[in-house]
Amino acid sequence: MTTPKWRKLVDHVQSIKEGVYETNVDGDYNNRTRFGKQYGMDGEPWCVMFDWDMYADAGLEEFVPHIANVNGFTDWAKQRDQWSEYPSVGAWVNLHNGGHTELVVGFDETYVYTKGGNTVEAGATDANQGNGVYSHKTERKSASIVGYFAPKFPGDECPPTADPHDHRGGAARKEWRWKGHRLPHEDHKVKASEVVYGARNVSIRIVQAALKAEVGLDYSSAPGTFGPRTKAAVAAFQRELGFTGADADGVFGRHSLVELGKRHKFRVYGLDFFDRKRDDDGKPGTGRIAIPLDSVEYKHVPDGSASRAAKEACHILKVPETHWVEGIMTAAKRESTYRFNAVNTYDANAHGPEQSDGHPQSCTRGLLQVMPETFAENHQPGTSHNIYDGVANICAAMNYVMVRYGVYRDGSNLAGRVQQFDPSRPPKGY
């Protein structure tokens with residue numbers, strides 16, 4: 001039987017080691033923690049960030065608001081009928097009139113048991129705005145408890161609850177106490193399509209633990225997130241398997257992922273994911289048909305919507321928007337600041353005979369700053385021959401990165417293979 005999401009959540013919360021997490025500078029703690037960094041607001045009070053990060057690590061961030069304020073998430077919950085006067089496992093408790101929050105990890109008829117960040121050890125005089133992660137118990141009738149945000153879970157799961165009218169439909173119970181981490185073996189499984197650069201989910205946490213044992217990956221700052229460190233660790237593992245050069249690129253393939261699973265006793269499913277990344281004839285980008293270089297046009301166009309052009313390009317190439325649109329928008333901002341008629345007349349490509357737009361032939365042009373030679377070679381049938389046309393420019397760039405860098409048709413490894421399309425890494429020309 002599959003372990004419910006709420007149980008995986010509380011298991012994860014309880015796996016976080018208690019202790020001080022804030023950085024100490026000259027004797028003063030400064031709110032800088034791995035939790036604030038993961039949330040995106042490092043250096044600010046982080047009790048709500050801890051709650052959100054725990055949900056994000058468990059792949060549940062879509063069910064909770066990205067609001068770093070106790071009263072803010074309280075209002076959000078009340079507006080959606082997800083507020084309760086009773087504790088339930090995984091609930092966010094509002095303490096001290098919005099002064100602090102922690103996550104409920106258990107309850108009985110007398111106490112609610114919680115664990116949270118930006119707090120201090122149990123028994124200390126100040127129970128909020130501390131410098132670490134600690135567990136506490138509070139009398140349920142305490143005036144310090146304002147109430148509980150009881151998030152919805154996927155599939156209408158209802159965690160153990162004391163609420164006789166829980167909005168998720170669960171039956172009230174007198175108590176539920178966490179008795180230790182017991183993740184059944186059958187739940188040690190990884191979905192191939194989830195272990196891709198930029199994703200955040202439970203599959204990645206399982207893989208990260210395996211990579212820690214294999215190559216020493218330190219993923220404490222971003223558990224469950226496939227970022228640059230995890231990518232580098234995958235590349236190191238691939239080299240350990242004998243891969244060299246571009247084959248050790250930090251992007252999982254069938255062999256490297258299955259082998260990691262064999263070594264660390266997790267099962268990989270959805271392996272057909274690796275098969276769907278190619279065109280019918282086996283090569284990404286084979287929908288392109290080259291056109292003569294002298295047929296490329298250089299007519300300026302009115303500026304339009306870059307995101308609309310990106311979505312239209314995905315429609316023409318018959319690829320999903322997920323991964324592609326975010327990557328294209330990142331690259332377009334860096335390459336042209338979303339200007340359809342942008343031209344680079346300063347780099348090494350700015351040479352060749354002058355064209356009708358007044359610039360040397362080989363200048364990079366358009367939203368994604370494509371060279372005319374690249375545009376002609378990777379032209380997508382049915383799109384304009386005009387290099388400034390947003391859709392045609394993007395289609396050619398998509399075909400180019402699929403052929404040049406081995407980007408899969410579904411775009412799942414786009415950010416990993418081409419840094420310029422990755423919003424989490426610095427710009428780098430492609």
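As the structure is a prediction and not an experimental result, all values here were calculated from the model.

### Concerning the UniProt feature "domain: Peptidoglycan binding-like" (unreviewed entry) in the protein
Consideration 1: In the UniProt entry, the feature "domain: Peptidoglycan binding-like" (unreviewed entry) is given for residues 203-252.
Consideration 2: Across residues 203-252, the secondary structure splits into 52% helix and 0% strand, with the terminal C-alpha atoms separated by 13 Å.

### Looking at the packing of helix α8 (residues 306-317) against helix α9 (residues 324-336)
Consideration 1: For the pair α8 and α9, interaxial distance at closest approach is 10 Å and the crossing angle is 135°. In terms of axis orientation, α8 runs oblique to α9. Like other packed secondary-structure pairs, α8 and α9 cross with a definite hand, here right-handed. Contact residues: Ala 306, Ser 307, Ala 310, Lys 311 and Cys 314 in α8; Trp 324, Val 325, Ile 328 and Met 329 in α9.
Consideration 2: Looking at side-chain class alone, the contact of α8 with α9 contains seven nonpolar, one polar and one charged residues.

### Some thoughts on the environment of His 96
Consideration 1: Here His 96 lies in the loop between β5 (92-95) and β6 (100-107).
Consideration 2: A residue is classified by how much of its surface remains accessible, and His 96, at 37% relative accessible area, is partly exposed.
Consideration 3: Separated by 22 residues in sequence, His 96 and Thr 74 have C-alpha atoms that sit 13 Å apart.

### Side note on the packing of aromatic side chains
Consideration 1: All told, the structure shown has 17 aromatic pairs when counted by the stated rule.
Consideration 2: The interplanar angle of 85° and the centroid separation of 5.4 Å between the aromatic rings of Tyr 39 and Trp 52 together place this pair among those described as edge-to-face. Residue Tyr 39 is located in helix α2 (residues 34-39), and its partner Trp 52 is located in helix α3 (residues 47-57); the two are separated by 13 residues in the primary sequence. Per residue, the accessibility class of Tyr 39 equals that of Trp 52, and both read buried.
Consideration 3: Grouped by ring-pair contacts, the aromatic residues Tyr 55, Phe 73, Trp 76, Trp 92, Phe 149 and Phe 153 constitute a single cluster.

### Some words on the pairing of strand β8 (residues 132-139)
Consideration 1: The sheet contact formed by strand β1 (residues 19-20) and β8 spans two bridges and is antiparallel. Across the sheet, the residue bridging to Gly 19 is Val 133, located in β8.
Consideration 2: Inspection of the sheet shows strand β7 (residues 111-119) paired to β8 by seven bridges, in the antiparallel sense. Residue pairing in the sheet places Val 112 in a bridge with Thr 138 of β8.

### Here's the deal with helix α7 (residues 254-264)
Because each turn of an α-helix spans 3.6 residues, side chains separated by three or four positions in sequence point in the same direction.
Consideration 1: Among the residues of α7, Ser 256, Leu 257, Glu 259, Leu 260 and Gly 261 are the ones counted as buried.
Consideration 2: Downstream of α7 by a residue or two, Lys 265 has a phi angle that is positive, lying close to 60°.

### Focus: the nonpolar core
Consideration 1: Counting residues in hydrophobic clusters, the biggest one holds 38 residues, and the most contacted among them are Trp 324, Leu 368, Ile 394, Met 398, Val 401 and Tyr 430.
Consideration 2: For this core, the secondary-structure elements that each account for two or more residues are α8, α9, α10 (372-377) and α11 (390-405).
Consideration 3: Among residues more than four places away in sequence, those in contact with Tyr 430 are Glu 335, Leu 368, Gln 369, Val 370, Ala 397, Tyr 400, Val 401, Tyr 405, Val 418, Gln 420 and Phe 421.
Consideration 4: Core analysis: the next-biggest nonpolar cluster, separate from the first, contains 34 residues, Tyr 39, Cys 47, Met 54 and Ala 56 among them.

### Examining the pattern of salt bridges
A side chain with one charge can pair with a side chain of the opposite charge if their charged atoms come near.
Consideration 1: Applying the stated criterion to the full structure yields twelve salt bridges.
Consideration 2: A salt bridge links Glu 61 to Arg 200, with the shortest nitrogen-to-oxygen separation between them at 3.5 Å. One end of the pair, Glu 61, is in the loop between α3 and α4 (70-79); the other, Arg 200, is in the loop between β10 (189-191) and α5 (202-215), with 139 residues separating them in the sequence.
Consideration 3: Arg 200 gets classed as partly exposed once you look at its relative accessible area, which sits at 27%.
Consideration 4: Close ionic contact of Arg 365 with Asp 357 constitutes a salt bridge, the shortest N to O distance being 2.8 Å. Just as Arg 365 is buried, Asp 357 falls in that class too.
Consideration 5: Each of Glu 214, Glu 240, Glu 259 and Arg 263 takes part in salt bridges that share partners, so that together they form one network.

Parameters and conventions
- Residues numbered from 1 in each chain as written.
- Predicted model: local features only at pLDDT ≥ 70, side-chain atom pairs only at ≥ 80, totals over all residues.
- Heavy atoms only, no water.
- UniProt positions renumbered as here; feature names shortened; annotations may be inferred.
- Helix = DSSP H or I, 4+ residues; strand = E, 2+ residues; numbered from the N terminus.
- Axes fitted to C-alpha atoms, helices over the stretch in contact; angles between N-to-C directions.
- Parallel < 35°, antiparallel > 145°, perpendicular 65-115°, else oblique.
- Left-handed = near helix turned anticlockwise from the far one by under 90°.
- Contact = heavy atoms within 4.5 Å.
- Nonpolar A, V, L, I, M, F, W, Y, C, P; charged D, E, K, R; others polar.
- Buried < 20%, exposed > 50% of the residue type's maximum accessible area, 1.4 Å probe, protein only.
- Phe/Tyr/Trp six-rings, centres within 6.5 Å; stacked < 30°, edge-to-face > 60°.
- Pairing = 2+ DSSP bridges.
- Core = buried A, V, L, I, M, F, W, Y, C linked by side-chain atoms within 4.5 Å.
- Salt bridge = Lys/Arg side-chain N within 4 Å of Asp/Glu carboxyl O.

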